[in-house]
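Topology and contacts: notes
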Amino acid sequence: MNINRRDFVKLTTAAAAGIAAVPAFGGLGKAFANTAEERAKQLSPKWTQQTTSVCAFCSVGCGLLVNTDLETKRAVNVEGNPDHPINEGALCAKGAASIQMTENPKRPGKFLYRAPYGTEWEEKDWEFCKKRIAKLIKKSRDESFEKKNAKGQVVNRTMGIASLGSAALDNEECYAMHSFMRSLGLVYVEHQARI
Amino acid sequence: MTNHWNDLQNSDCILIMGSNAAENHPISFKWAVKAQKRGAKIIHVDPRFTRTSARSDAYIPLRSGTDIAVLGGMINYIIKNKRYFHKYMVEYTNSSFIVGKDFDFKDGLFSGFDSKTNSYDKSKWAFELDDKGIPKQDKTLQDPNCVFQILKKHYSRYTPEKVSSISGVSVKDLELLYNTYTATGKKDKAGTIMYAMGWTQHTVGVQNIRAMAMIQLMLGNIGIAGGGVNALRGECNVQGSTDYALLYHILPGYLKTPLAGQDTLEQYNNTYTPKSNDPESANWWQHYPKYSASLIKAMYSEDTPEQGYQYLPRLDNHKASVYSWIPLIDHMYEGKFSGGLIWGMNPACSSSDSVKTRKAISKLDWMVNVNLFQCETSDFWKGPDMDPEKVKTETFFIPCASAIEKEGSVSNSGRWMQWRYKGPEVFGDVMTDGHYFHEIWEELKHLYEKEGGVYPEPITHLSFENMCEENEHGHMEFSARKTAKLCNGWFTRDVEVKGKKFKKGQQVPSFAYLQADGSTTSGNWLYCNSVSDTENKAMRHDASQTKEQANIGLFPNWTWCWPVNRRILYNRASVDEKGQPWAPKKAVIKWNGSKWVGDVPDGGWKPGTKHPFIMRKNGFGQLFGPGRADGPLPEYYEPLECPVKTHPFSKTLHNPTAVQVEGEEKAVCDPRYPFVGTTYRITEHWQTGSMTRWQDWLVEAEPQMFVEISPELAKLRGIENGEKVTVESVRGSLWAIAMVTERIQPYNINGTDVHMVGMPWHYGWVTPINGGDSANIVTPNVGDPNTGIPEYKAFMVNIRKWKEGDN
Amino acid sequence: MSGKSFFVDLSTCTACRGCQVACKQWKKLPAEHTRNVGSHQNPQDLSSKTIRLVRFNEARDEDGKFRWLFFPEQCRHCIEPPCKYIANMYTLGSVIQDEKTGAVIMTDKAVIRKGKLEGWEMCPYNVPRQDKDTGLWSKCDMCIDRVEMGMLPACVQSCPTGTMNFGDRADMLKLAKERLAEVKKTNPNAYLADPDDVRVIYLCETKPENYHENVVASADQRRTLMAGVSPSKTSRRGFLTALKNKA
């Protein structure tokens, strides 16, 4: 991976002139760079690490450059990768807005749980969710497992659980999901490709 | 895509039909415009004038759902005007095959139809075989039962006048389309098709694509640069997630899910391993047992493939009407599932008939929804018409890492497997989806080992460690790098294959080395060759090319592409029997006397020794396709909800084999729902908007649910531009802001104006405030008989001014 | 008159709005609250938060052909920028012009009491906008920070179709003339908008008003604005008088 490869030159005119920043800024709800000087900094290898990624929207597969603040470990700039042969740096409105998918004040960072007939979400930790979900899967599986079908043929399948998703997973996660779902005996396995 | 994005630049004519590429695959237009600047024509055939139409050389409006009429007319035109590439069609397609005597076609129905089950006996469409078991051919194409003659007869019915009367496309526009596009039937010309859900989301979805594939075969446009059949996939990894089989009917690499009665691996393999007696047919699927054994060995490394096979669940059949999305949601609605795992999806908005789907979710005892943001699925219990106190479903919302917070690969439409590196740390308490799968499995394994339970072996034996590495705390955790190695596959013991010696643990160099005896693993044979002992090729960022590769924009060292880094599929069809390209100026591959140069050829055999369509049993492109559920040839049928009682091609109004839910009402010529409805996407949002509706730069650009209608329809209903309106169907209703635009026109169908109401499906009640709800509230539960994909693109609605009390 | 220029080929724009969002992304500009008013265009106008806007218009061209027109609007970086002369009359240092690139830049000094000056009074294209809370005027600065780092302006980099181009002025003018000649083969009505006066040169396919009201500036408009700042009339009053007399 070829990261941090840009030549960075010191800002002269722009920084010296104090290019207008918009005081009304507040969109991302985080302390983002909003002066020319700060913006330039966000691409500098001294302050950020640059990694490559692929846009998470349509299937053109446009290359992204992601700059992550070395201190906060949060993304500070995401734009098209000019070296990528498909998009050559270009991005559509969605691709250009990629950073808001990750750095977003409305993004939930906690696990939420609603008990049966509950009227509110409750915050829970992963340990609780994991244990409870595993228990529920086991119960549904054990109760609905068919060893043989109506014709008496061996089928070894779980009829009581449906799995939906996901084209949003990476290939490796798709493989993990496929093997996990099939190990549970699920036959109702579907995702976005069908709809 | 048989080809890839950069390859669009090589085209002489780009037909965009069934897609809105400029809006939904915006960067594709980088390459489409490049072709256009070189003199290529772009033609957009679509019910709406969109941003794609704005940049096309010709825009041709058609009524949604009438594509087969238009394409059938094109086949007729090709035959009548001899626009086909004769040598290609005769040598590389099954045009010369003799179809058996049982084949027949009468009044919209093919032979073998059973009206009790609404399905066909496909054995009636078989080819005649010679005494060696090889299909009989008449290369003069004169035999009345040869495929070419059958096509000629079948599509002679698709006259421009008839096509025009039902599709609303003027005869003049048909001539323009046919003449321009079929000019690519010359051997040095390339025509390509960019299609997407505008073709798949119909009850004739597969046959829409079949029709175009047939046109491409007749014109010699498959395998060549600037040609192909190009499905523009809708999500960043829907190609990969399909390759990895998150679908009821397949296992990774397009292997079949086992059926009841296939009690042993041998029985299973025998069923799906085709046999050809033609030495010139590569019949690639003959290797099926190697791929199935390697997959099972990847999943169950401690067991033999035969034993591991016993851990796989069996279906009763592969029918879309039984297991696919529509029946799945119907089952859920009927209360037949107790649990639902809904991963990276928002079916409460994306599933057809959202009202039913949302109710269906409430019938589950428990539901887990994993997403970046809360959505209408995670929060369904407090949605419209839901009383949380009456909803039993125990609900989990599990937030997950975003794409740039983790590493792993995704496969784009051009089949490029591209690695993503981790940038920022995962946010808050969240983890990656891979970690969730692993940890829930670990917990389950522990539970089954501790408590016992029904048939625990498939879970307890699952080799999840193949996907894990030890982290800095000494715990095994999910690792994308390790999993990528597994998906490629490694040797499980020291072996010699094809004269080469391999050590246990070494990566398998390509699927040609996979074995049926358990000595290799491969999580997906199509991806075998992607990760070697020294490198993960998806990570490659090397733009170097040979002169031949540069000439057609191939980047063989930039990431990796399945299969075996072949960038253009069926490329042996781009050359003649001597290996010389039909179009020397844009050669894909070429035999230089001793080896192939250019792209990775579709098999390295010498030229003229194998038929080029190596994935087909007989090696030929299928003009006649006897494998589909609804007939061997595309035939015109109306959408299941439609504005006409008859059509000019037969008395069979609808696809008789379409997936339907018994008892669900459909609006056919129903005066309450007089307008054709259709749904689509726009650039600024994505799918149900479950991510983009939280991204305020995108909400700013497209803030609210809207509906596009023609000025004529607006006048008819007294609707002003920008006004709030109600759209309703048999299934439900929703509000939208009216966009009255000349870009929508009424269609002249049999002399009558038919109006269309077009809606995006990006919105939902959770956010933004006053954003509106999902267009899928009005879409029907009917689908294609082969794929089960719902008919989101053509159904019947009413539109009127919004009034107090409406949704 | 070297420096940099943009060439904006409207004959290839798909209105993907990559540029509109890429601009906000780079500058971290906040979103505005909008609603659908019966058009795909949003926001409805330029503002201090939206300094680049893709305008959508449906129109019949000179030949009666229906067109859906897209106009990515931004500051034109005039060769002789009226805003520089006019805004600086109110507050010195409000607008500077970068010598190397020719970029016209509104600085953080461009705070002018509200109601004193309108965008159209200092710009023939009516591009600058004043923040309603702070009184600060702002507009596109050619991504001067990126340009100085050897990068393309965010809007240009994001453009997929070759609509947005950026480079040395001579190269951009050459490209503009080549493309114009090409487009004219099929559309004789095509033209370049004010190529001699601005650094953002649009290639248009139909009459200016089909895109938007200020696609081109008449020589009159430009003279009127500049009349107010001719050496003999450097005062604001002089400028306004000149404006009035002209009107």
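1. A look at a positive patch on the surface
All names here are of chain B.
- A surface patch of positive charge is lined by K122, K256, R616 and R628.
- Inspection of the secondary structure assignment puts R616 in the loop between strand 23 (596-598) and strand 24 (675-680).
- For R616, a relative accessible area of 37% puts it in the partly exposed group.

2. Thoughts on helix 8 (residues 171-182) of chain B
Residues and elements named next belong to chain B.
- With twelve residues, helix 8 should cover 16 Å at 1.5 Å per step; its first-to-last C-alpha distance of 16 Å lies within 8% of that length.
- Every buried residue of helix 8 is listed here: L174, L177, Y178, Y181 and T182. Each buried residue of helix 8 sits inside an arc of 100° when the element is viewed along its axis, so together they form one side.

3. Some words on the sheet that holds strand 14 (residues 394-399) of chain B
- Strand order in the open sheet formed by seven strands is 5(A)-4(A)-14(B)-13(B)-12(B)-8(A)-9(A), with mixed pairing between adjacent strands. Every other strand in the sheet has two partners, leaving strand 5 (122-124) and strand 9 (189-190) of chain A as the edge strands with one partner each.
- One ladder, built from three bridges, connects strand 4 (residues 111-114) of chain A with strand 5 of chain A; its direction is antiparallel. In the sheet register, L112 of chain A faces strand 5 of chain A, and the bridge partner there is E123 of chain A.

4. Here's the deal with the interface of chain A and chain B
- Facing 119 residues of chain A, the contacting portion of chain B comprises 166 residues.
- Roughly 12500 Å² of surface becomes buried between chain A and chain B when both sides are summed, with 64% attributable to carbon and sulfur atoms.
- The largest per-residue losses of area from chain A upon contact with chain B belong to Y175, R194 and I195 of chain A, which jointly make up 7% of the total buried on that side.
- Summed over the shared surface of chain A and chain B, the result is ten salt bridges.
- For D170 of chain A, the salt bridge goes to R420 of chain B, with nearest N and O atoms at 3.0 Å.
- Remark: the boundary between chain A and chain B carries 81 residue pairs in polar contact (both at pLDDT 80 or more).
- Here the side of chain A that touches chain B gets 15 residues from one element, more than from any other, and that element is helix 5 (residues 126-144) of chain A.

5. Focus on the nonpolar core
Residues and elements named next belong to chain B.
- Formed by 186 residues in total, the largest nonpolar core has its most connected members in I398, Y436 and F464.
- For this core, the element with the most residues is helix 19 (residues 433-451), which contributes seven residues.
- In terms of nonpolar packing, the next biggest core, distinct from the first, is built from 86 residues, V169, Y178, V204 and A573 among them.

6. Some points on the side chain of S5 of chain C
All names here are of chain C.
- Within the secondary structure, S5 sits in strand 1 (residues 4-9).
- Residue class for S5 comes out buried when judged on its relative accessible area of 0%.
- A polar atom in the side chain of S5 sits 2.9 Å from the side chain of R169.
- When sequence neighbours within four positions are dropped, the list of residues in contact with S5 reads N165, F166, G167, D168, R169, M172 and R199.

7. Considering the packing of helix 16 (residues 325-333) of chain B against helix 18 (residues 354-361) of chain B
Residues and elements named next belong to chain B.
- Remark: helix 16 packs on helix 18, axes separated minimally by 8 Å, with the N-to-C direction vectors making an angle of 50°. Taken together, the axis directions place helix 16 and helix 18 in an arrangement best described as oblique. Viewed along their axes, helix 16 and helix 18 form a crossing whose handedness is left-handed. Contacts between helix 16 and helix 18 involve I329, D330, M332 and Y333 on the former and, on the latter, K356, T357, K359, A360 and I361.
- Looking at the contact of helix 16 with helix 18, its residues break down into five nonpolar, one polar and three charged.

8. So, the pattern of salt bridges
- Taken as a whole and judged by the stated rule, the model has 70 salt bridges over all chains.
- Its salt-bridge partner being E173 of chain A, residue K406 of chain B comes within 2.8 Å of it at the nearest N-O pair. Pair noted here: K406 of chain B is in the loop between strand 14 and strand 15 (408-411) and E173 of chain A is in helix 6 (residues 171-183), and the two residues belong to different chains. By the burial criterion, K406 of chain B is buried, and E173 of chain A matches it.
- A salt bridge links E91 of chain B to K139 of chain B; the shortest N-O distance between them is 3.0 Å. You can see E91 of chain B sitting in helix 5 (residues 86-92) and its partner K139 of chain B sitting in the loop between strand 7 (119-120) and helix 6 (147-156), a full 48 residues away along the chain.
- K139 of chain B gets classed as partly exposed once you look at its relative accessible area, which sits at 42%.

9. Regarding the pairing of strand 13 (residues 366-371) of chain B
All names here are of chain B.
- With six of its six residues buried, strand 13 lies for the most part within the structure.
- Of the two faces of strand 13, the one lined by W366, V368 and V370 and the one lined by M367, N369 and N371 are each fully buried.
- Both strand 12 (residues 339-343) and strand 13 contribute to a ladder of five bridges, which runs parallel. Across the sheet, the residue bridging to W343 is V370, located in strand 13.
- Note: strand 13 against strand 14, six bridges, orientation parallel.

10. Notes on the pairing of strand 16 (residues 416-420) of chain B
Residues and elements named next belong to chain B.
- Most of strand 16 sits inside the fold, with five of its five residues counted as buried.
- Both faces of strand 16 are covered, namely the face carrying W416, Q418 and R420 and the face carrying M417 and W419.
- Here strand 15 folds back onto strand 16 in antiparallel fashion, the turn holding four residues, of which R415 has a positive phi close to 70°.
- Looking at chain direction, strand 16 and strand 21 (residues 560-561) are connected through two bridges and run antiparallel. Bridge pairing in strand 21 places M417 opposite W560.

What counts and how
Residues numbered from 1 in each chain as written. Chains lettered and ligands numbered in written order. Predicted model: local features only at pLDDT ≥ 70, side-chain atom pairs only at ≥ 80, totals over all residues. Heavy atoms only, no water. Patch = residues over 30% accessible without salt bridge, like charges linked within 9 Å, V, L, I, M, F, W, Y side chains within 5 Å. Areas by Shrake-Rupley, 256 points an atom, 1.4 Å probe, with all protein chains shown as cover. Salt bridge = Lys/Arg side-chain N within 4 Å of Asp/Glu carboxyl O. Lys, Arg positive; Asp, Glu negative; His and termini not counted. Charge placed at Lys NZ, Arg CZ, Asp CG, Glu CD. Helix = DSSP H or I, 4+ residues; strand = E, 2+ residues; numbered from the N terminus. Buried < 20%, exposed > 50% of the residue type's maximum accessible area, 1.4 Å probe, protein only. Expected span 1.5 Å × (residues − 1). Arc of directions from axis to C-beta. Pairing = 2+ DSSP bridges. Contact = heavy atoms within 4.5 Å. Buried area = accessible area lost by both parts, 1.4 Å probe. Polar contact = N/O pair within 3.5 Å; in protein donor to acceptor, adjacent residues only side chain to side chain. Core = buried A, V, L, I, M, F, W, Y, C linked by side-chain atoms within 4.5 Å. Axes fitted to C-alpha atoms, helices over the stretch in contact; angles between N-to-C directions. Parallel < 35°, antiparallel > 145°, perpendicular 65-115°, else oblique. Left-handed = near helix turned anticlockwise from the far one by under 90°. Nonpolar A, V, L, I, M, F, W, Y, C, P; charged D, E, K, R; others polar.

Any functional reading would require information beyond the geometric quantities listed.
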